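A structural walkthrough
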Amino acid sequence: MTCTGVILAGGLATRYDGRPKGLELVGGIRIIDRVAAALRHATDDLLLIANAPDAHEWLPGVRTAADLVEGAGGLGGIHSALSHAGTDILIVAWDMPFVPADLLATLRSRAAATAVDAVVPVSDTSRRGVEPLCAFYSSACLLPVAARLEAGDRRVIAFFDDVRVDRLALGDVSTFGDPATMFMNVNTPSDLERAESFARATAADDRRP
């Protein structure tokens, strides 16, 4: 089945020091470009979900669409992604600079092997216990997501009770790296400093013989 890689930058397009946070540089590369590169490795096409009026300029050649339900948070983003893609999706929030391409490919292949509707990585750094904005969702999730939005339940994992969900165990997730790093969100200047420090350390390790 075709799978679209979705970069989720919707919501209220909150500014980070005067710029959308996904356009900040980590290791000399914009976060949005890091996410796009990881998704390209694991998907057939890309889609950017963003509400900013200049969002179509962020990734030339990548289709851009806005949220269909305003102010619906992450669940609204998943709804918009599934609606606009019209396919299964791999979705990654645009402020996560270190999501590994191989992890995304594993989420997709796991869905194909198990015939489930969603595959989410378990994370001990998330209050939900999983990372719903770094996950695979089949097109079958669209109606359950829409129903939860219609009912006013906007929890990002609200529809999990209505679909078949496979949780990639923490031990399996950890084979791709430290979840605290892989699922880091750059929300504040201090987060950006931490991300930059990690990028520098990784680059230094790569240069060692």
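Attention in this report is confined to the structure presented alongside it. (Residues numbered from 1 in each chain as written. Predicted model: local features only at pLDDT ≥ 70, side-chain atom pairs only at ≥ 80, totals over all residues. Heavy atoms only, no water.)

1. A word on the packing of aromatic side chains
Following the criterion strictly, the structure yields five aromatic pairs and no others. For the pair tyrosine 137 and phenylalanine 160, a centre-to-centre distance of 6.4 Å together with 55° between the ring planes defines the contact as tilted. Separated by 23 residues along the polypeptide, tyrosine 137 in strand β10 (residues 134-137) and phenylalanine 160 in the loop between α4 (142-150) and β11 (165-168) bring together distant segments of the chain. For the pair tyrosine 137 and phenylalanine 160, a shared accessibility class is recorded, and that class is buried. When the ring of phenylalanine 159 is compared with that of phenylalanine 160, the centres are 5.1 Å apart and the planes differ by 85°; the resulting orientation is edge-to-face. For the pair phenylalanine 159 and phenylalanine 160, one class covers both residues: buried. (Phe/Tyr/Trp six-rings, centres within 6.5 Å; stacked < 30°, edge-to-face > 60°. Helix = DSSP H or I, 4+ residues; strand = E, 2+ residues; numbered from the N terminus. Buried < 20%, exposed > 50% of the residue type's maximum accessible area, 1.4 Å probe, protein only.)

2. Topic: helix α1 (residues 31-42)
Given a rise of 1.5 Å per residue, 12 residues ought to cover 16 Å, and the 17 Å separating the end C-alpha atoms of α1 matches this to within 8%. Residues of α1 that are buried: Ile31, Ile32, Val35, Ala36, Ala38, Leu39 and Ala42. Considered in projection along α1, the buried side chains sweep an arc of 165° and stay on one side of the axis. Buried residues along α1 sit in contact with β1 (3-9), β4 (25-26), β5 (29-30), β6 (45-50), β8 (88-93) and α3 (101-114). (Expected span 1.5 Å × (residues − 1). Arc of directions from axis to C-beta. Contact = heavy atoms within 4.5 Å.)

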